[in-house]
Amino acid sequence: MSEQLGVLKVIIVQGRRLVIRDFKTSDPYVVLKLGNQTAKTKVINSCLNPVWNEELNFTLTEPLGVLNLEVFDKDLLKADDKMGNAFINLQPLVSAARLKDILKVSSGETTLRKVIPDTDNCLVRESSINCVNGAVVQNVWLRLREVESGELELTLKLTKPVAPSK
């Protein structure tokens, strides 16, 4: 049986410099997958720099997976066009949450660790993982792969599972 680590709240903040898949623009949306869980944002019509500010929730369990993101252009008469993909390893976030528990950090804002861009992630720039009033939070910019351009801004928040009621 898998152990529940908490609730992962993924806020898809915005996209930047997304690729054109229609005549002059695109109608982007994002599909997120974590293990067998899937969620999707709303479609933003005619926009290459969309702002979603949409929160999607996942149950985080062991063994830990990778959060995969795919951006698509919504089409009415044919299959939706791919606009790139990205992923983020959740291990640094979970490790920071365990560190928070060890250090007994619960209030204010404390930086727990930094994650730097490398070949094993899609980070555009260095990202800090912070404890903000008890939640472990990471703001990231991810570079989309397999396309000419495009980036996504996300905020990841890991909160503890709710204790079962007696």
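Attention here is on the structure that accompanies the text.

Criteria and cut-off values
Residues numbered from 1 in each chain as written. Predicted model: local features only at pLDDT ≥ 70, side-chain atom pairs only at ≥ 80, totals over all residues. Heavy atoms only, no water. Helix = DSSP H or I, 4+ residues; strand = E, 2+ residues; numbered from the N terminus. Buried < 20%, exposed > 50% of the residue type's maximum accessible area, 1.4 Å probe, protein only. Lys, Arg positive; Asp, Glu negative; His and termini not counted. Salt bridge = Lys/Arg side-chain N within 4 Å of Asp/Glu carboxyl O. Polar contact = N/O pair within 3.5 Å; in protein donor to acceptor, adjacent residues only side chain to side chain. Contact = heavy atoms within 4.5 Å. Core = buried A, V, L, I, M, F, W, Y, C linked by side-chain atoms within 4.5 Å. Pairing = 2+ DSSP bridges. Axes fitted to C-alpha atoms, helices over the stretch in contact; angles between N-to-C directions.

## Brief notes about the side chain of Asp73
Point 1. With respect to the helices and strands, the residue Asp73 is situated in strand S5 (residues 66-73).
Point 2. Buried Asp73, no salt bridge; nearest opposite-charge side chain is Lys78, N-O distance 6.0 Å.
Point 3. Here Asp27 takes part through its backbone nitrogen, which lies 2.6 Å from a polar atom of the side chain of Asp73.
Point 4. Among residues more than four places away in sequence, those in contact with Asp73 are Arg21, Asp22, Ser26, Asp27, Tyr29, Asp80, Asp81 and Met83.

## Some points on the nonpolar core
Point 1. Of all hydrophobic cores here, the largest spans 43 residues; its most connected members are Leu8, Ile12, Leu32, Phe58, Leu67, Leu69 and Leu142.
Point 2. Those residues in contact with Leu142 that lie beyond four places of it in its chain are Leu69, Ala86, Phe87, Ile88, Cys122, Leu123, Val124, Gly150, Glu151, Leu152 and Leu154.

## Things to note about the sheet that holds strand S7 (residues 109-115)
Point 1. With antiparallel pairing, six strands are arranged side by side in an open sheet as S4-S1-S10-S9-S8-S7. Every other strand in the sheet has two partners, leaving strand S4 (51-61) and S7 as the edge strands with one partner each. Shown here is a sheet whose adjacent strand axes are inclined to one another by a mean of 20°, direction ignored.
Point 2. Here strand S1 (residues 4-16) runs beside S4; their pairing, made up of nine bridges, is antiparallel.

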